[in-house]
Amino acid sequence: SKKQKKATEGINSRLKLVVKTGKYSLGYRSTLKTLRTGKAQMVIIANNVAPLRKSEIEYVAMLSKCGVYHYNGNNIGLGTACGRYF
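Remember, predicted model here, so these are calculated numbers, not experimental data.

A. Here's a closer look at the nonpolar core. In terms of nonpolar packing, the biggest core is built from 8 residues, these being L32, L35, V43, I45, I57, V60, A61 and C66. For this core, the secondary structure elements donating two or more residues are helix 2 (28-37), strand 1 (42-45) and helix 3 (51-63). If we ignore the near neighbours within four places in the chain, the residues touching L32 are E56, I57 and V60.

B. How the structure looks around the layout of surface pockets. Size it by volume and the largest pocket reaches roughly 1,000 Å³. Within the residue set of the lining of the largest pocket, elements represented by two or more residues are helix 1 (2-21), helix 2, strand 1, helix 3 and helix 4 (75-81).

C. How the structure looks around the pairing of strand 2 (residues 67-70). Two elements, strand 1 and strand 2, share 4 bridges in a ladder whose sense is parallel. For I45, the partnering residue across the bridge sits in strand 2 and is H70. For the crossover from strand 1 across helix 3 to strand 2, the handedness is right-handed.

D. Structural detail: a nonpolar patch on the surface. Together, Y59, M62 and L63 line one region of the surface with nonpolar side chains, adding up to about 360 Å² of accessible area. One can find Y59 in helix 3.

E. Seen up close, helix 3. Taking 1.5 Å per residue, 13 residues should reach 18 Å; helix 3 reaches 18 Å between its end C-alpha atoms and fits that length. Along helix 3, the positions that sit buried rather than exposed are I57, V60 and A61. Taken end-on, helix 3 shows its buried residues confined to a sector of 105°, consistent with a single buried face. Turned more than 90 degrees away from the buried face of helix 3 sit P51, L52, M62 and L63, all of them exposed. Backbone geometry just downstream of helix 3 places K65 in the positive-phi region, at approximately 55°.

F. Region of the structure containing helix 2. Within helix 2 the residues assigned to the buried category are T31, L32 and L35. End-on, the buried residues of helix 2 take up no more than an arc of 95°, which puts them together on one face. Residues R29, K33 and T37 are exposed on helix 2 and point more than 90 degrees away from its buried face. Just past helix 2, the residue G38 takes up positive phi, approximately 85°.

Procedures and definitions
Residues numbered from 1 in each chain as written. Predicted model: local features only at pLDDT ≥ 70, side-chain atom pairs only at ≥ 80, totals over all residues. Heavy atoms only, no water. Core = buried A, V, L, I, M, F, W, Y, C linked by side-chain atoms within 4.5 Å. Buried < 20%, exposed > 50% of the residue type's maximum accessible area, 1.4 Å probe, protein only. Helix = DSSP H or I, 4+ residues; strand = E, 2+ residues; numbered from the N terminus. Contact = heavy atoms within 4.5 Å. 1 Å grid on protein atoms, 1.4 Å probe; cavity = no way out; pocket = protein on both sides within 12 Å on 5 of 7 lines; lining within 4 Å. Points joined across faces, edges and corners; volume = space filled by probe spheres on them. Pairing = 2+ DSSP bridges. Right-handed = clockwise from strand over helix to strand, strands pointing away. Patch = residues over 30% accessible without salt bridge, like charges linked within 9 Å, V, L, I, M, F, W, Y side chains within 5 Å. Areas by Shrake-Rupley, 256 points an atom, 1.4 Å probe, with all protein chains shown as cover. Salt bridge = Lys/Arg side-chain N within 4 Å of Asp/Glu carboxyl O. Expected span 1.5 Å × (residues − 1). Arc of directions from axis to C-beta.

Next up, the structure:
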């Protein structure tokens, strides 16, 4: 729908801004590391992440009082939004 597409464009433009500042980390292990140290402010998870991995990230994020956003695309779309072309 049109509203859903606009929301995806909004998150993509914000992701570009975050990537420009340089304060982000990509990947499962580095995400868990930043969550455990308490440096993460928000976690964005693609929709095709394995369920066990997703629940582990959500659990660690909950413990560190960090927000979790479920990206409406797959991992390749999320990587492209971050400026990494896989």
